[in-house]
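The residues making up each chain are set out below.
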2 protein chains.
Amino acid sequence: MGGSRRLLLVSNSRLYGCGGYLGHCQQQVAAFFGEKVKRILFIPYALHDQDAYAKTAREKFESLGYGLDSIHESSDPIESVRKSEAIFIGGGNTFRLLKALYDNSLLLEIRKRVLEDGVPYMGSSAGTNVATVSINTTNDMPIVYPPSFQALGLVPFNINPHFLDPDKKNTHMGETREERIRQYHEEPNTPPVLGLREGSMLLVEGDKATLQGVTRARLFLRGKPPTEHEPGTDFSFLLMAGNPQAP
Amino acid sequence: MGGSRRLLLVSNSRLYGCGGYLGHCQQQVAAFFGEKVKRILFIPYALHDQDAYAKTAREKFESLGYGLDSIHESSDPIESVRKSEAIFIGGGNTFRLLKALYDNSLLLEIRKRVLEDGVPYMGSSAGTNVATVSINTTNDMPIVYPPSFQALGLVPFNINPHFLDPDKKNTHMGETREERIRQYHEEPNTPPVLGLREGSMLLVEGDKATLQGVTRARLFLRGKPPTEHEPGTDFSFLLMAGNPQAP
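Keep in mind that this is a model prediction, so the values were computed, not measured. (Residues numbered from 1 in each chain as written. Chains lettered and ligands numbered in written order. Predicted model: local features only at pLDDT ≥ 70, side-chain atom pairs only at ≥ 80, totals over all residues. Heavy atoms only, no water.)

Visitor: When you look at the overall build of chain A in this model, what are you seeing that I'm missing?
Guide: If you tally the helices and strands in chain A, you get seven helices and eleven strands. For chain A, the C-alpha radius of gyration of 17 Å lies close to 18 Å, the compact-globule estimate for 247 residues. Based on the C-alpha atoms only, the size of chain A along its principal axes is roughly 45 × 40 × 35 Å. In chain A, once contacts between residues fewer than 6 apart in sequence are set aside, the share between residues at least 24 apart is 70%. About 9900 Å² of surface is accessible on chain A, with carbon and sulfur atoms providing 49% of the total. Between the centroid of the 27 positive side chains of chain A and the centroid of its 28 negative side chains there is a distance of 2 Å. (Helix = DSSP H or I, 4+ residues; strand = E, 2+ residues; numbered from the N terminus. Rg over C-alpha atoms; globule rule 2.2 N^0.38 Å. Contact = heavy atoms within 4.5 Å. Areas by Shrake-Rupley, 256 points an atom, 1.4 Å probe, with all protein chains shown as cover. Lys, Arg positive; Asp, Glu negative; His and termini not counted. Charge placed at Lys NZ, Arg CZ, Asp CG, Glu CD.)

In structure tokens form, the structure reads like this:
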């Protein structure tokens with residue numbers, strides 16, 4: 001399993017100073033879906049106004065030459081996943097997104113399409129979180145209660161999107177992002193966490209994973225000091241770990 | 001129910017420039033527990049190193065003239081709550097804290113002690129979150145999965161501790177705190193959320209609630225624009241709402 005897997009896991013949907021929605025990663029998006037894909041199945045569950053969200057995504061993908069079907073307009077979401085030739089899950093609130101994936105019984109079907117049938121999967125922000133082992137390292141507010149934090153498990157590690165370095169001038173006493181991830185690794189049997197700063201993304205092709213984009217990533221392994229990695233880094237070793245928490 | 005309730009719900013355990021642990025609120029803490037209380041039951045579940053946490057809390061409370069028993073040193077946590085004359089739940093990770101309260105079957109017992117027996121309850125940060133209807137408006141990372149987000153329900157609304165105003169100079173694209181709370185209120189039947197900035201706390205005595213401390217609070221009611229409130233504000237009206245989500 002994983003041999004035909006193709007994933008583009010983007011940290012953030014909008015990057016300061018780099019155009020609008022998906023503007024900063026549109027080259028990578030076009031290269032990822034390529035010329036064979038004609039239509040993309042969009043999953044807008046992470047935002048409340050799904051009509052508006054689908055409109056924004058449709059305009060962007062049509063500008064890149066792809067048709068877009070939003071799953072919230074489908075009368076049979078499971079069947080839409082079964083027929084999809086490519087999947088994009090957008091950002092928003094990760095708890096709301098994961099709950100809706102469970103409520104619509106889509107997790108196993110998406111997992112099957114991506115890992116067994118080789119359907120390309122793009123995620124952004126919350127859509128990147130749900131592609132990993134679990135949503136335990138989301139930054140979002142837990143506004144709804146999903147039946148589990150276990151996610152799609154398309155890779156055997158977790159990602160922290162929008163990874164943020166501490167602001168040394170700030171007097172706010174809330175935990176830094178790094179402290180939060182360290183607290184996660186105080187718990188037993190927790191997988192690696194890849195901190196993807198805004199502007200970066202992970203491309204996974206089969207058993208090969210590469211950091212793309214313009215910013216570095218910070219990798220957290222349980223019980224070890226975190227490490228910094230430049231764009232272009234080969235992260236394939238992260239794919240070789242077992243995945244004890246896959247659904 | 002609620003007639004004998006006494007709560008001190010503090011936004012944060014440490015305030016920049018105002019001494020160490022609980023330094024910024026020690027006057028309010030001493031006034032809250034008063035001279036009748038001799039020993040305080042401390043619940044350190046929100047942090048991993050509970051021994052070190054209890055040591056820090058014990059030193060602080062002893063300096064104020066109170067003995068401190070940490071529940072993690074008790075062989076029978078439920079009995080410790082039954083015998084307690086005052087309760088303090090400290091900050092850390094809210095998910096870890098709430099899960100431990102469920103794992104140790106303490107929620108109903110604490111609720112009974114506080115709402116029926118008039119045992120004074122102090123919470124800080126995560127300990128303030130769990131005093132409310134639910135932890136849906138915590139800022140913490142969901143590092144463990146509690147059996148529910150429903151919390152103690154000592155008040156019929158939610159609190160966002162460490163409430164943070166947007167930094168207009170910041171180019172980070174993650175949601176602001178206010179946007180996160182607005183997303184919460186997109187969900188149906190969600191209670192009011194009181195944003196307590198660092199330096200503020202809410203004192204509840206029976207059916208009266210007052211904002212204490214040095215910073216303003218921001219109140220979010222579903223479907224209405226947020227409002228700003230100075231220290232000293234009477235928030236008793238928030239206690240009059242029904243509590244549809246109490247455990």
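Further notes follow.
Visitor: Explain the pattern of salt bridges here, please?
Guide: Two side chains carrying opposite charge are able to pair once their charged atoms lie near each other. Residues and elements named next belong to chain A. Under the criterion given, the structure shown has 40 salt bridges over all chains. Put simply, Glu228 and Arg218 hold a salt bridge, and the shortest N to O gap is 2.7 Å. Here Arg218 lies in strand β10 (residues 217–220) and Glu228 lies in strand β11 (residues 227–229), a separation of ten residues in the sequence. What makes Glu228 partly exposed here is its relative accessible area of 29%. (Salt bridge = Lys/Arg side-chain N within 4 Å of Asp/Glu carboxyl O. Buried < 20%, exposed > 50% of the residue type's maximum accessible area, 1.4 Å probe, protein only.)

Visitor: Can you walk me through the relation of the copies chain A and chain B in this structure?
Guide: Once chain A is rotated about the relating axis by 180° and shifted along it by 0.0 Å, it coincides with chain B to within an RMSD of 0.0 Å. The superposition of one copy onto the other is thereby described by a two-fold rotation axis. A share of 100% of the interface residues of chain A reappears at the interface of chain B, consistent with the copies meeting face to face through the same patch. (Least-squares fit on C-alpha atoms with pLDDT ≥ 70 in both.)

Visitor: Honestly, helix α5 (residues 107–115) of chain A in this entry has me stumped. Any pointers?
Guide: A turn of α-helix holds 3.6 residues, and therefore any two residues three or four places apart point the same way. Residue and element names in this part refer to chain A. In terms of burial, α5 is largely enclosed, as seven of its nine residues are buried. Those residues of α5 lying buried are Leu107, Glu109, Ile110, Arg111, Arg113, Val114 and Leu115. Residues of α5 that are buried make contact with β1 (6–10), β2 (39–43), α3 (77–83), β4 (87–89), α4 (94–103) and β5 (121–124).

Visitor: Honestly, the interface of chain A and chain B in this entry has me stumped. Any pointers?
Guide: The parts lose accessible area when they come together, and the size of an interface is often stated as this lost area. Listed by partner, the interface residues are 41 residues for chain A and 41 residues for chain B. Taken together, the two surfaces of chain A and chain B that pack against each other cover about 3500 Å², and 58% of this comes from carbon and sulfur. The residue A:Glu186 makes a salt bridge to B:Arg96 at a minimum N-O spacing of 2.7 Å. Our count for the chain A to chain B interface comes out at 19 residue pairs in polar contact (both at pLDDT 80 or more). Elements with a minimum of two residues in the side of chain A that touches chain B: α4, β6 (158–163) and α7 (177–185) of chain A. Of the residues in the side of chain A that touches chain B, the class split is 18 nonpolar, 14 polar and nine charged. (Buried area = accessible area lost by both parts, 1.4 Å probe. Polar contact = N/O pair within 3.5 Å; in protein donor to acceptor, adjacent residues only side chain to side chain. Nonpolar A, V, L, I, M, F, W, Y, C, P; charged D, E, K, R; others polar.)

Visitor: Looking at this structure, I do not really get the nonpolar core. What am I missing?
Guide: Soluble globular proteins: nonpolar side chains tend toward being buried together. One finds A:Leu101, A:Ile110, A:Tyr121, B:Ile110 and B:Tyr121 to be the most contacted residues of the largest nonpolar core, which totals 104 residues. Setting aside its immediate chain neighbours within four residues, A:Leu101 contacts A:Ile43, A:Tyr45, A:Ile89, A:Leu106, A:Leu107, A:Ile110 and A:Val130. (Core = buried A, V, L, I, M, F, W, Y, C linked by side-chain atoms within 4.5 Å.)

Visitor: Quick question: what am I supposed to make of the environment of A:Lys38 here?
Guide: Residues and elements named next belong to chain A. By the secondary structure assignment, Lys38 is in the loop between α1 (26–33) and β2. We classify Lys38 as exposed; its relative accessible area is 52%. In the structure, Lys38 is positioned 29 residues away from Gly67 in sequence and 6.2 Å away in space, judged by C-alpha atoms.

Visitor: Looking at this structure, I do not really get the pairing of strand β8 (residues 200–205) of chain B. What am I missing?
Guide: Along any regular strand, the residues point their side chains to alternate faces of the sheet. All names here are of chain B. Counting buried residues along β8, five of its six residues qualify, which places the element largely inside the surrounding structure. Pairing analysis gives five bridges linking strand β1 (residues 6–10) to β8, with the strands arranged antiparallel. Looking across to β8, one finds that Leu9 is bridged to Leu202. As judged from the six bridges shared by β8 and strand β9 (residues 208–213), these two strands associate in the antiparallel manner. Following the sheet pairing, Val204 is matched in β9 by Ala209. Hairpin connection of β8 to β9: two residues between the antiparallel strands, including Gly206 at a positive phi of 65°. (Pairing = 2+ DSSP bridges.)

Visitor: I keep staring at the packing of aromatic side chains and nothing clicks. Help me out?
Guide: Aromatic rings considered in pairs are described by the distance between their centres and by the relative angle of their planes. On inspection of all chains with the given rule, the structure shows 26 aromatic pairs over all chains. On the numbers, 6.2 Å between centres and 65° between planes, the contact of B:Phe33 with B:Phe61 is edge-to-face. Pair noted here: B:Phe33 is in helix α1 (residues 26–33) and B:Phe61 is in helix α2 (residues 50–63), with a separation of 28 residues, a long-range link. Here B:Phe33 matches B:Phe61 in class, with each residue buried. Residues B:Phe235 and B:Phe237 carry aromatic rings whose centres are separated by 6.0 Å and whose planes lie at 50° to one another, so their mutual orientation is tilted. An aromatic cluster of at least three residues, connected via ring pairs, comprises A:Tyr21, A:Phe32, A:Phe33, A:Phe42, A:Tyr53, A:Phe61, A:Tyr66 and A:Phe88. (Phe/Tyr/Trp six-rings, centres within 6.5 Å; stacked < 30°, edge-to-face > 60°.)

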